[in-house]
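Each chain, letter by letter, is given below.
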Amino acid sequence: MKNKNPRVSVQLLASLAMLIALTLIVEKFSITIIPKQLVVAFTFIVHTVIGMIGGPLWGFVSLFLIDIVDMLTKGGADFIIWWTLMEAVQGALYGFFFYGKKLDWNNKKDWVHVTVAMAVILLFGTFIFTPLLIQIYFGVPFVAQFIAGRWLKIFELPIRVFTTMALLPQLQRIPEVRKLAGIKK
């Protein structure tokens, strides 16, 4: 079985540090639809690139750090470790699905792969654990969240798939990115 974690190098750590900083910037452009329940963000793009070059281990660590730094920059009032761990597991999922995976816009199997990957990540974070944590910590019933609009997040799936398939194959054409992503010619 192929190793799903890259070797640690200065280039990898520097790239992950820049992507962590980029995530914190991109996150500022999220759109809140329902406070503390429904937020549309484009951080998934950067998270996917982190998973692509960092694999499951460094994806986990990077998204864990992103959540901690984000909490510290917001004052730390709403810090709940379970959200941090959920984000970290999503980072591991991005790494599992995208590290070492060469994507091609014209390959139908790649479209299926990206669709399954994004569906699993959305299901895990958006449709199961986030509503569960909101119910536990804020008292908003699971069902009420979906009635209020959480189900609308399903429309993110085609956006995530299309954006990922539009960007990642292009990034993978860059030799240094391909090397970091563990992709052989």
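Cut-offs applied
- Every chain is numbered on its own, with residues counted from 1 as its sequence reads.
- Where totals are concerned, whole chains, interfaces and linings use all residues; where local detail is concerned, this predicted model gives features only for residues with pLDDT of at least 70, and gives and counts side-chain atom pairs only at 80 or more.
- The side-chain figures draw on all heavy atoms in the structure; neither hydrogens nor water molecules are used.
- UniProt positions are given in the numbering used here, feature names are shortened, and annotations may be inferred rather than shown by experiment.
- The helix and strand labels rest on DSSP assignments: H or I over at least four residues marks a helix, E over at least two residues marks a strand, and numbering proceeds from the N terminus.
- Any residue under 20% of the maximum accessible area for its type is buried, any over 50% is exposed, and the rest in between are partly exposed; the area is computed with a 1.4 Å probe on protein chains only.
- Pairs of N or O atoms within 3.5 Å make up the polar contacts considered here, provided that, within protein, one atom can donate a hydrogen while the other can accept it, and that residues adjacent in sequence are counted only when both atoms are side-chain atoms.
- Only heavy atoms matter for contacts: two residues are in contact if any of them lie within 4.5 Å across the pair.
- Multiplying 1.5 Å by the helix residue count minus one yields the expected span of that helix.
- Axes are fitted to the seven residues ending at a residue and to the seven starting at it; the angle between these axes is taken as the bend at that residue.

## Observations regarding the UniProt feature "transmembrane region" (unreviewed entry) in the chain
Part 1 of the argument: Here, UniProt's "transmembrane region" (unreviewed entry) annotation points to residues 6–26, 38–60 and 80–99.
Part 2 of the argument: Overall, residues 80–99 shows 90% helix and 0% strand. The separation of its end C-alpha atoms is 29 Å.

## Observations regarding the side chain of Thr 48
Part 1 of the argument: Position of Thr 48 relative to the elements: it lies in helix α2 (residues 43–73).
Part 2 of the argument: Given the relative accessible area of 1%, Thr 48 is considered buried.
Part 3 of the argument: In terms of polar contacts, Thr 48 uses its side chain to reach the backbone carbonyl oxygen of Phe 44, at 2.6 Å.
Part 4 of the argument: Setting aside chain neighbours within four positions, we find Thr 48 in contact with Tyr 94, Phe 98, Met 118, Thr 164 and Leu 168.

## Things to note about helix α4 (residues 108–138)
Part 1 of the argument: With 31 residues, α4 should cover 45 Å at 1.5 Å per step; its first-to-last C-alpha distance of 42 Å lies within 8% of that length.
Part 2 of the argument: Approximately 35° is the largest bend angle found in α4, and it occurs at Phe 129, with the proline Pro 131 only one to four residues beyond.
Part 3 of the argument: Among the residues of α4, the N-terminal cap falls to Asn 107, whose side-chain oxygen and the backbone nitrogen of Lys 109 are separated by 2.9 Å.
Part 4 of the argument: After α4 finishes, the residue Gly 139 shows a positive phi value of roughly 75°.

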